[in-house]
Amino acid sequence: MEVLPFVIIVFIVIVVIAVAVLLFGGWIIVSIFRLLARGLFGSSASGPGRRFASPPTPFVRCQRQRCHANNPAGARFCRRCGVSLHGQPQPLRHVAMW
């Protein structure tokens, strides 16, 4: 049994573990720093994209009694139940069955 392949495998395993520890440790340190910054400076320290809430989008409420789901303004059908939002029933398409 040669010692060299065993030493190489042990070295690779140690390097992989060290990289994983460094990445996880860095992630923990950054998370703690963000938590402290958010606690000290408020929510504005959590990043430039999170300062302002997105503008409310207009929606259409489904008229079905059991659904009442909010749908985007341009939607033709309800996201939850599939009922037409324009009040007119859609014509059924019949397909030929052989």
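Preceding this section is the structure that the text describes.
A short tour of the structure in this document, coming up.

Scoring rules and cut-offs
- Residues numbered from 1 in each chain as written.
- Predicted model: local features only at pLDDT ≥ 70, side-chain atom pairs only at ≥ 80, totals over all residues.
- Heavy atoms only, no water.
- Helix = DSSP H or I, 4+ residues; strand = E, 2+ residues; numbered from the N terminus.
- Buried < 20%, exposed > 50% of the residue type's maximum accessible area, 1.4 Å probe, protein only.
- Contact = heavy atoms within 4.5 Å.
- Expected span 1.5 Å × (residues − 1).
- Polar contact = N/O pair within 3.5 Å; in protein donor to acceptor, adjacent residues only side chain to side chain.
- Patch = residues over 30% accessible without salt bridge, like charges linked within 9 Å, V, L, I, M, F, W, Y side chains within 5 Å.
- Areas by Shrake-Rupley, 256 points an atom, 1.4 Å probe, with all protein chains shown as cover.
- Salt bridge = Lys/Arg side-chain N within 4 Å of Asp/Glu carboxyl O.

## Structural notes on the overall build of the protein chain
Part 1 of the reasoning: Helix and strand counts for the protein chain come out as one helix and two strands.
Part 2 of the reasoning: Written out in order from the N terminus, the α and β elements of the protein chain read α-β-β.
Part 3 of the reasoning: Looking at the protein chain residue by residue over its 98 residues, the buried ones come to 11%.
Part 4 of the reasoning: Within the protein chain, contacts between residues separated by at least 24 positions form 0% of all contacts whose residues are at least 6 apart in sequence.

## Examining unusual backbone geometry
Most peptide bonds are trans, and most residues other than glycine sit at a negative phi.
Part 1 of the reasoning: Even without a glycine there, the phi angle at H68 is positive, about 55°.
Part 2 of the reasoning: With respect to the element layout, H68 can be found in the loop between β1 (59-61) and β2 (70-72).
Part 3 of the reasoning: You can call H68 partly exposed: its relative accessible area is 38%.

## Considering helix α1 (residues 4-41)
Part 1 of the reasoning: With 38 residues, α1 should cover 56 Å at 1.5 Å per step; its first-to-last C-alpha distance of 55 Å lies within 8% of that length.
Part 2 of the reasoning: Where burial is concerned, little of α1 is hidden: one out of the 38 residues are buried.
Part 3 of the reasoning: At the exit of α1 stands G42, carrying a positive phi of roughly 90°.

## Describing the side chain of N71
Part 1 of the reasoning: For N71, the location among the structural elements is in strand β2.
Part 2 of the reasoning: In terms of polar contacts, N71 uses its side chain to reach the backbone carbonyl oxygen of A69, at 3.2 Å.

## Concerning the side chain of S84
Part 1 of the reasoning: Inspection of the secondary structure assignment puts S84 in the segment after β2.
Part 2 of the reasoning: Separated by 3.4 Å, the side chain of S84 and the backbone nitrogen of H86 make a polar contact.

## Side note on a nonpolar patch on the surface
Part 1 of the reasoning: A cluster of nonpolar side chains, L4, I8, F11, I12, V15, V16, V19 and L23, forms an exposed patch at the surface whose accessible area comes to about 780 Å².
Part 2 of the reasoning: Tracing the backbone through its elements, the reader meets F11 in helix α1.
Part 3 of the reasoning: Since its relative accessible area comes to 55%, F11 is described here as exposed.

## Some remarks on the environment of R61
Part 1 of the reasoning: Within the element layout of this structure, R61 appears in strand β1.
Part 2 of the reasoning: Judged by its relative accessible area of 41%, R61 falls in the partly exposed class.
Part 3 of the reasoning: The spatial distance from the C-alpha of R61 to the C-alpha of A73 is 9.0 Å, given a sequence separation of twelve residues.
Part 4 of the reasoning: Each residue touching R61, except ones within four places of it in the same chain, is listed here: H68, A69 and N70.
Part 5 of the reasoning: Polar contacts involving the side chain of R61 include one to the main-chain carbonyl oxygen of H68, which spans 3.3 Å.

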